[in-house]
Amino acid sequence: MIQYQNLVNQDNYVKPNYDVIQKELYIKLYISPEKELCIVGELDNNYMVWCSFTNLYDVDLNNEIFSYITQHTFQHVSTPFKVLGNIKMEQIQTWYVCSIVKSTLPNMTWKTPFGHYYGNDTDNHGKYFSRDIQVFYDDLIKKSEYRTFGTHYKDVLRGYQHILAEDEDVLYYTKIKPLIAILEAESYLLLSQDLEIRMLYLSCRAETIRLYNRYMTAVR
């Protein structure tokens with residue numbers, strides 16, 4: 001039964017610290033360079049109702065999972081830490097991530113990262129998803145390959161590292177937002193088949209997080 005794919009269960013159930021009944025479900029997708037897919041049904045940053053791991057190209061299973069998540073209500077709520085633990089959480093945080101959220105447009109049910117919406121034909125959404133996620137992954141891989149063609153882009157990322165670390169002013173975060181925007185737009189580099197590219201990108205992202213946290217601590 002498809003529900004057994006769900007890592008959220010009675011063994012890791014938690015009682016939420018606040019009312020989550022009115023929270024609207026959205027789906028977060030974590031994609032690894034090795035084509036692993038973590039599908040998470042979230043209520044917000046703190047609570048989830050679904051978490052499963054599949055292969056990106058397991059068409060039938062991904063179809064079933066998406067259909068189940070979007071057409072059922074859930075009894076058990078848990079937290080990412082309770083379900084995954086620190087090690088697995090840290091691992092998927094290095095993967096490419098995107099979300100599928102409820103649409104606000106008329107006659108559209110879901111807003112996807114795939115360049116289009118899913119409409120009211122809900123019985124077909126799982127089939128659409130299992131196809132779209134493969135095409136999406138292939139496109140992101142091509143973007144990564146084109147961006148890192150040759151060897152010069154490693155030097156670009158090293159240059160970004162230097163820029164991010166060159167000023168200890170707590171307001172420096174506000175000055176380099178354009179660079180942060182570039183890095184956010186190029187998160188597909190987390191799928192690069194070149195490990196060094198991924199590590200350089202993750203190093204830059206870690207530095208942006210450090211700068212943000214330092215800035216927020218100062219202005220609170």
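Residues numbered from 1 in each chain as written. Predicted model: local features only at pLDDT ≥ 70, side-chain atom pairs only at ≥ 80, totals over all residues. Heavy atoms only, no water.

**So, the sheet that holds strand S1 (residues 26-31)**
Put simply, the test is: Two strands are counted as paired when DSSP detects at least two bridges linking them. Counting from the N terminus, the helices are DSSP H or I runs at least four residues long and the strands are E runs at least two residues long. The contact rule is simple, with two residues in contact once any of their heavy atoms fall within 4.5 Å. Axis angles are defined between N-to-C directions and span 0 to 180 degrees, where every axis is a line fitted to C-alpha atoms and, for a helix, only to the segment in contact.
The strand order across the open sheet built from six strands is S3-S2-S1-S4-S5-S6, with neighbouring strands paired in antiparallel fashion. Strand pairing shows two members of the sheet lacking a second neighbour, strand S3 (48-55) and strand S6 (117-118), which therefore form its edges. On the sheet, helix H3 (residues 125-147) packs against S1, strand S2 (36-42), strand S4 (96-102), strand S5 (110-111) and S6 and is oriented at approximately 40 degrees with respect to S1.

**Some words on the nonpolar core**
Cut-off, in case you're wondering: We call a set of buried Ala, Val, Leu, Ile, Met, Phe, Trp, Tyr and Cys residues a nonpolar core when their side-chain atoms join them within 4.5 Å. Burial status follows relative accessibility: with a 1.4 Å probe on protein chains alone, a residue under 20% of its type maximum counts as buried, one over 50% as exposed, and anything between as partly exposed.
Membership of the largest hydrophobic core comes to 52 residues, with the highest contact counts inside it found for Leu29, Ile31, Phe129 and Ile133. In contact with phenylalanine 129, other than residues within four places in its own chain, are Leu29, Leu37, Ile39, Asn62, Phe66, Ile100, Phe114 and Tyr118. Membership of the second largest hydrophobic core comes to 10 residues, among which are Val8, Met48, Cys51 and Trp95.

**Section: the side chain of asparagine 62**
Using the following cut-off: Each polar contact in these results corresponds to two N or O atoms within 3.5 Å; when the atoms are within protein, one needs to be able to donate a hydrogen and the other to accept it, and residues that are neighboring in sequence are counted only if both atoms are side-chain atoms.
Along the chain, the position of asparagine 62 falls in helix H1 (residues 59-71). According to the relative accessible area criterion, asparagine 62 is buried, its value standing at 0%. Only 3.1 Å separates the side chain of asparagine 62 from the backbone oxygen of asparagine 55, close enough to count as a polar contact. When residues no more than four places from it in sequence are discounted, the contact partners of asparagine 62 are Leu37, Ile39, Thr54, Asn55, Leu56, Phe129 and Ser130.

**Here's the deal with the side chain of arginine 198**
Inclusion rule: His residues and chain termini do not enter the charge count, which takes Lys and Arg as positive and Asp and Glu as negative. Salt-bridge detection follows one rule: a side-chain nitrogen of Lys or Arg within 4 Å of a carboxyl oxygen of Asp or Glu.
Looking at the element boundaries, arginine 198 is found in helix H7 (residues 195-219). The side chain of arginine 198 is buried and forms no salt bridge, while glutamate 34, the nearest opposite charge, is found at 4.2 Å. When near neighbours in sequence (up to four residues on either side) are disregarded, arginine 198 contacts Pro33, Glu34, Leu189, Leu190, Leu191, Ser192 and Gln193.

**A look at the pairing of S2**
For S2, a buried count of six out of seven residues is recorded, marking the element as mostly surrounded by other parts of the structure. As judged from the six bridges shared by S1 and S2, these two strands associate in the antiparallel manner. By the bridge assignment, isoleucine 31 is partnered in S2 with leucine 37. Counting the residues that bridge the hairpin from S1 to S2 gives four residues, and of these lysine 35 lies at a positive phi of roughly 75 degrees. Judged from the seven bridges that link them, S2 and S3 form a sheet pairing that is antiparallel. The partner of glycine 41 across the bridge, within S3, is tryptophan 50. Here S2 hands over to S3 after five residues, the two strands then running antiparallel side by side.

**A few points about the environment of glutamate 186**
Relative to the helices and strands, glutamate 186 is located in the loop between helix H6 (177-185) and H7. With relative accessibility at 7%, the residue glutamate 186 sits in the buried group. Distance in space between the C-alpha atoms of glutamate 186 and tyrosine 201 is 9.0 Å, their sequence separation being 15 residues. Once residues lying within four places of it in the same chain are set aside, the contact partners of glutamate 186 are Arg147, Tyr153 and Tyr201.

**Considering the layout of surface pockets**
Just so we agree on the cut-off: The rule is simple: put a 1 Å grid over the protein atoms alone, call a set of points where a 1.4 Å probe fits but cannot get out a cavity, call an open set with protein on both sides within 12 Å along at least five of seven lines a pocket, and count a residue as lining if it has an atom within 4 Å of a point. Grid points are joined across faces, edges and corners, and a volume is the space filled by probe spheres set on the points. Note on residue classes: Ala, Val, Leu, Ile, Met, Phe, Trp, Tyr, Cys and Pro are nonpolar, Asp, Glu, Lys and Arg are charged, and everything else, Gly too, is polar.
For the largest pocket, the calculated volume is near 370 Å³. What lines the largest pocket is a set of 20 residues, among which Ile21, Lys23, Leu43, Val49 and Phe74 lie closest to the centre. The biggest single contributor to the lining of the largest pocket is H1, with three residues. The residue inventory of the lining of the largest pocket, partitioned by class, reads 11 nonpolar, five polar and four charged.

**As for the packing of helix H4 (residues 152-165) against H6**
Put simply, the rule is: Working rule for handedness: look at the near helix, and if it is turned counterclockwise from the far one by less than a right angle, call the crossing left-handed; if clockwise, right-handed.
In contact at an axis separation of 11 Å, H4 and H6 are set at 140 degrees when each is read in the N-to-C sense. Of the two elements, H4 crosses H6, and the hand of that crossing is left-handed. For the pair H4 and H6, the contacting residues are Leu157, Tyr160, Ile163 and Leu164 in the first and Leu179, Ile182 and Leu183 in the second. Its residues assigned to classes, the contact of H4 with H6 comprises seven nonpolar, no polar and no charged.

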